[in-house]
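If you want the building blocks of each chain, they are given just below.
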Number of protein chains: 2
Amino acid sequence: MDDRTPPERKKRPTLKDVARLAGVHVSTVSRTLDPNADHLIRDEVKEKIRAVCRELNYRPNSIASSLRTNRTKTIGVVIPDITNLLFPPIFRGIEDELAAQGYAAIMVNTDGDADREEQLTETLIARGVDGIIAASVPRQDAHIARMAQRGFPIVTVNRRLDDPSVPSVTNDDDFGIKRILTHLVALGHRRIVHIAGPQSLSTGKLRAEAFARYHAEILEQAEPPVIVYAESFNEAEGERCAEQILAKGTPVTAALCANDRLAIGAIAAFKRRGLKVPEDISVTGFNDMALVDRIDPPLTTIRIQHYEIGRNAARMILAMIENGTLPPDGHKVLPVELVVRQSSGPAPRP
Amino acid sequence: MDDRTPPERKKRPTLKDVARLAGVHVSTVSRTLDPNADHLIRDEVKEKIRAVCRELNYRPNSIASSLRTNRTKTIGVVIPDITNLLFPPIFRGIEDELAAQGYAAIMVNTDGDADREEQLTETLIARGVDGIIAASVPRQDAHIARMAQRGFPIVTVNRRLDDPSVPSVTNDDDFGIKRILTHLVALGHRRIVHIAGPQSLSTGKLRAEAFARYHAEILEQAEPPVIVYAESFNEAEGERCAEQILAKGTPVTAALCANDRLAIGAIAAFKRRGLKVPEDISVTGFNDMALVDRIDPPLTTIRIQHYEIGRNAARMILAMIENGTLPPDGHKVLPVELVVRQSSGPAPRP
DNA sequence: CTGTTAGCGCTTTCAG
DNA sequence: CTGAAAGCGCTAACAG
């Protein structure tokens, strides 16, 4: 009579369904699907089970698995703003490496706001992420440091904390500055100003320190070098700093900027004041982000390995998670290289 | 004697812990925390429970909740490549809107590969995403169409399927082309070539069709307009197409490109051949992606609302999920505007 | 090699 | 208004 099949099953098949059709117990199916346990099962049984899985198009429910194992195979990625051209390739590196290991990434944008960062980090944890990669940390980030201390897997990328206990993957900021300074000096520049980034960020601080140190070392000038400080790493601040330099009337033939965005702003300001880059003043950047080879003039800069720092950060966090949270090799610093384009040229004759 | 506190509890508190401390049943706690059910609980009890939650710093375990409710509050975002400057602002729009509604985004990069897309989409579904926003679809995307037909919430953004049953949020491609063509004609151009995008993508197709239609309408020329087709939306193809135009010797005073990256490539090729942009030839783009205002020459283009199409796509998918998968308003098309910069100028006198 | 058992932490009827 | 009970789908001892 009413032995018709029920009205359209939409539900995804579960382990139980597979077990029933294969005539075995659910745990047998579970083991068959677990690469670490499938050697325990007889081959014929495995065959049978695999066949049923295929037939039903069975997909394990990762939520259920997560609840049981307390692992989500998901990593939180905390970024200031994905719209900042520096971050997409870093994120892509992270994503690719994670995906290759069966992990997924949840990205949140903090806009550099500490409160937002804390709040978003909490929601990531509430979602059960297994670890966090943070690209948005200031040098003193109490919240991140605290979580790391508690044993939660965290690595920072591109920037790092002053606190050395939080592992990081960064660029060789020091060498980058040295390299580009050497380049400018070789072009005959002696009056070189540094447009520095925010000193609350490791990148801003390290690059400014390197500038001061190598400037003293290479140029051996009596007076200390001129450094103007930007409040954030963006074009508007680059413009403001350039204006400030011009206003002060500091004699200068080159502006070594702490990143590309500052350089872009500086170039705009200099041009607006009728200066030619690089004929009147050379301007250099740092990062070699997308499209800086197409701007006017194409930017001389330091190429960092965006994609690779991302991949390395992902590898590091995965290692921490597997080895139960022990930092594998504290701080990784990737090499950088100079890319000479047209924004730097011979120092003008006085 | 041994009434010391146990040796360091690391575990997160659970509903059960809260219930015990508050002297109520777990279900009472659960209701208190559920905005849709908390009216059932007496105020004093709620107070008590809230206090305990605060004291324990209780955070609901969203995994457990997901397992029970079969909802993860997570959306999959399928993008060709976040490294492509078009996508970061779109993704940011998606992310912001989702976050505001308590949802998170998992992003995957397909590199435009259909197999990868299918495979990655499957893993998203296995992870239990409640819906998918796809920015990477070709016009005929069997896989996406099939999933949508099955009732899985999907919306496409920036591009759309030919199949009208899959909802989308796109730009007014047709008007954008009309607007920029009008601009060029107003500058005196009569020999305008179109560097078209891949015809397998809605953007490529729609823009090329619009070009042909409005060209005929506005210029009323006997011969059909010249269109060269790029195989993908990138700089290299822009260069190739520009070379091809030059090689053919087609007389042309303006190249209307289907997007900014093609325009950037075309400009590079024209310059390399000694042509000046815009004095000898005007070049225009589409999208107004980051930094095209800083390249040489600054690009005349159509500004799309990157961020807003992202937000709208997020809103649409959330509506579908809440209303149980009913497309709320099929296809949303956001307005675009012309941005005139220096890559377009008066047609040269012959 | 395979089955049994006992939950992970939460939601949701169903009672009272 | 609150408690009891069942169970989402899977894993991991522990027995055989």
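These figures come from a predicted structure and were not determined experimentally.

Reading the values: rules and limits
Residues numbered from 1 in each chain as written. Chains lettered and ligands numbered in written order. Predicted model: local features only at pLDDT ≥ 70, side-chain atom pairs only at ≥ 80, totals over all residues. Heavy atoms only, no water. Helix = DSSP H or I, 4+ residues; strand = E, 2+ residues; numbered from the N terminus. Rg over C-alpha atoms; globule rule 2.2 N^0.38 Å. Buried < 20%, exposed > 50% of the residue type's maximum accessible area, 1.4 Å probe, protein only. Near = heavy atom within 4 Å. Polar contact = N/O pair within 3.5 Å; in protein donor to acceptor, adjacent residues only side chain to side chain. Least-squares fit on C-alpha atoms with pLDDT ≥ 70 in both. Contact = heavy atoms within 4.5 Å. Domains from an automatic or database assignment. Buried area = accessible area lost by both parts, 1.4 Å probe. Salt bridge = Lys/Arg side-chain N within 4 Å of Asp/Glu carboxyl O. Pairing = 2+ DSSP bridges. Axes fitted to C-alpha atoms, helices over the stretch in contact; angles between N-to-C directions. Parallel < 35°, antiparallel > 145°, perpendicular 65-115°, else oblique. Left-handed = near helix turned anticlockwise from the far one by under 90°. Nonpolar A, V, L, I, M, F, W, Y, C, P; charged D, E, K, R; others polar. 1 Å grid on protein atoms, 1.4 Å probe; cavity = no way out; pocket = protein on both sides within 12 Å on 5 of 7 lines; lining within 4 Å. Points joined across faces, edges and corners; volume = space filled by probe spheres on them.

## Some remarks on the overall build of chain A
Then, number 1: Counting its regular elements, chain A contains 12 helices and 12 strands.
Then, number 2: Relative to its length of 350 residues, chain A is extended, with a C-alpha radius of gyration of 27 Å against a globular reference of 20 Å.
Then, number 3: Seen along its three principal axes, the alpha-carbon backbone of chain A occupies a region of about 100 × 40 × 35 Å.
Then, number 4: Residue burial in chain A is summarised as follows: out of 350 residues, 53% are buried.

## Notes on the protein's contact with DNA strand D
Then, number 1: Close contacts around DNA strand D come from 24 residues, with Leu15(A), Tyr58(A), Arg68(A), Thr28(B) and Arg31(B) the closest.
Then, number 2: Near the protein, meaning within 4 Å, the atoms of DNA strand D are sugar or phosphate in a fraction of 62%, with bases accounting for the rest.
Then, number 3: Taking Arg31(A), its side chain carries an N or O atom lying 2.9 Å from a base nitrogen of DNA strand D.
Then, number 4: Of all the secondary-structure elements, those providing two or more residues to the surface near DNA strand D are helix H2 (26-33) and helix H4 (62-69) of chain A together with helix H2 (26-33) and helix H4 (62-69) of chain B.

## Describing the relation of the copies chain A and chain B
Then, number 1: Once turned by 180 degrees and shifted 0.0 Å along the axis, chain A lies on chain B with an RMSD of 0.1 Å. The superposition of one copy onto the other is thereby described by a two-fold rotation axis. In terms of C-alpha distance to the rotation axis, chain A has Ile295(A) as its closest residue, with the C-alpha 1.9 Å off the axis.
Then, number 2: A shared binding surface is used by both copies, with 98% of the interface residues of chain A retained as interface residues in chain B.

## Brief notes about the domain arrangement of chain A
Residue and element names in this part refer to chain A.
Then, number 1: Split into domains, chain A comes out as domain 1 (15-60), domain 2 (71-170 + 306-333) and domain 3 (173-304).
Then, number 2: Summarising the inter-unit geometry, the C-alpha centres of domain 2 and domain 3 are found 29 Å apart.
Then, number 3: Tallying the contact residues gives 10 residues for domain 2 and 12 residues for domain 3.
Then, number 4: Both faces combined, the contact of domain 2 with domain 3 buries some 1100 Å², and carbon together with sulfur accounts for 57% of it.
Then, number 5: Considering only the side of domain 2, the residues that lose the most area to domain 3 are Leu85, Arg139 and His306, jointly responsible for 50% of the buried surface there.
Then, number 6: Counting every contact that joins domain 2 to domain 3 gives 0 salt bridges.

## Quick look at the sheet that holds strand E9 (residues 282-284) of chain A
All names here are of chain A.
Then, number 1: With parallel pairing, the 4 strands of this open sheet are ordered in space as E7-E6-E8-E9. One side of each edge strand has no neighbouring strand; the edge strands of this open sheet are strand E7 (227-229) and E9. Mean inter-strand twist for the sheet, computed between neighbouring axes without regard to direction, equals 20 degrees.
Then, number 2: Note: strand E6 (residues 192-196) against E7, 3 bridges, orientation parallel. Following the sheet pairing, Ala196 is matched in E7 by Tyr229.
Then, number 3: Packing against the sheet, helix H9 (residues 202-219) makes contact with E6, E7 and strand E8 (254-257), and its axis sits at approximately 165 degrees to E6.
Then, number 4: Of the strands in this sheet, E6, E8 and E9 touch helix H11 (residues 260-272), which is tilted by about 160 degrees from E9.

## Some remarks on the packing of helix H1 (residues 15-22) of chain A against helix H3 (residues 43-56) of chain A
All names here are of chain A.
Then, number 1: Across the interface, H1 lies against H3 with an axial gap of 9 Å and an inter-helix angle of 125 degrees. If you check the angle between H1 and H3, you find them oblique. Helix-helix and strand crossings are classified by hand; for H1 and H3 the assignment is right-handed. Between H1 and H3, the contacting residues are Asp17, Val18, Leu21 and Ala22 on the first element and Lys48, Ile49, Val52, Cys53 and Leu56 on the second.
Then, number 2: Tallied by class, residues from the contact of H1 with H3 come to 7 nonpolar, no polar and 2 charged.

## Here we look at the protein's contact with DNA strand C
Then, number 1: The local shell around DNA strand C holds 24 residues, among which His25(A), Arg31(A), Leu15(B), Tyr58(B) and Arg68(B) are the closest.
Then, number 2: Ser27(A) places a side-chain nitrogen or oxygen 3.4 Å from a base nitrogen of DNA strand C.
Then, number 3: At 3.1 Å from a phosphate oxygen of DNA strand C is found a main-chain nitrogen or oxygen belonging to Asn61(B).
Then, number 4: When contributions to the surface near DNA strand C are tallied by element, the ones reaching two or more residues are H2 and H4 of chain A together with H2 and H4 of chain B.
Then, number 5: If one sorts the elements of the surface near DNA strand C by residue count, H4(B) sits on top with 4 residues.
Then, number 6: Its residues assigned to classes, the surface near DNA strand C comprises 9 nonpolar, 9 polar and 6 charged.

## Topic: unusual backbone geometry
Residues and elements named next belong to chain B.
Then, number 1: Here the amide bond leading from Val277 into Pro278 is cis, since omega sits at 10 degrees, within 30 degrees of zero.
Then, number 2: Backbone torsion omega between Asp296 and Pro297 reads -10 degrees, so that peptide bond is classified as cis.
Then, number 3: With respect to the element layout, Pro297 can be found in the loop between strand E9 (282-284) and strand E10 (301-303).
Then, number 4: The phi torsion at Lys73 lies on the positive side, around 55 degrees, for a residue other than glycine.
Then, number 5: Structurally, Lys73 is set in the loop between H4 and strand E1 (74-79).
Then, number 6: A relative accessible area of 37% means that Lys73 is categorised as partly exposed.

## Considering the layout of surface pockets
By rolling a water-sized probe across the atoms, one finds the places where empty space is left.
Then, number 1: Approximately 920 Å³ is the volume found for the second largest pocket.
Then, number 2: If you go around the second largest pocket, you meet 42 residues; those closest to its centre are Asp81(A), Thr83(A), Asn84(A), Phe233(A) and Arg261(A).
Then, number 3: Those elements that provide at least two residues to the lining of the second largest pocket are helix H6 (114-126) and H9 of chain A together with helix H5 (87-100) of chain B.
Then, number 4: Per-class residue counts for the lining of the second largest pocket are 17 nonpolar, 12 polar and 13 charged.

## Focus: the pattern of salt bridges
Then, number 1: The tally for this structure, following the rule as stated, stands at 48 salt bridges over all chains.
Then, number 2: The partner of Asp111(A) in a salt bridge is Arg92(B), with the nearest N and O atoms 2.9 Å apart. Taken as a pair, Asp111(A) in the loop between strand E2 (104-109) and H6 and Arg92(B) in helix H5 lie in two separate chains rather than in one.
Then, number 3: Overall, Asp111(A) belongs to the partly exposed group, its relative accessible area being 45%.
Then, number 4: Arg92(B) sits in the buried class, given a relative accessible area of 7%.

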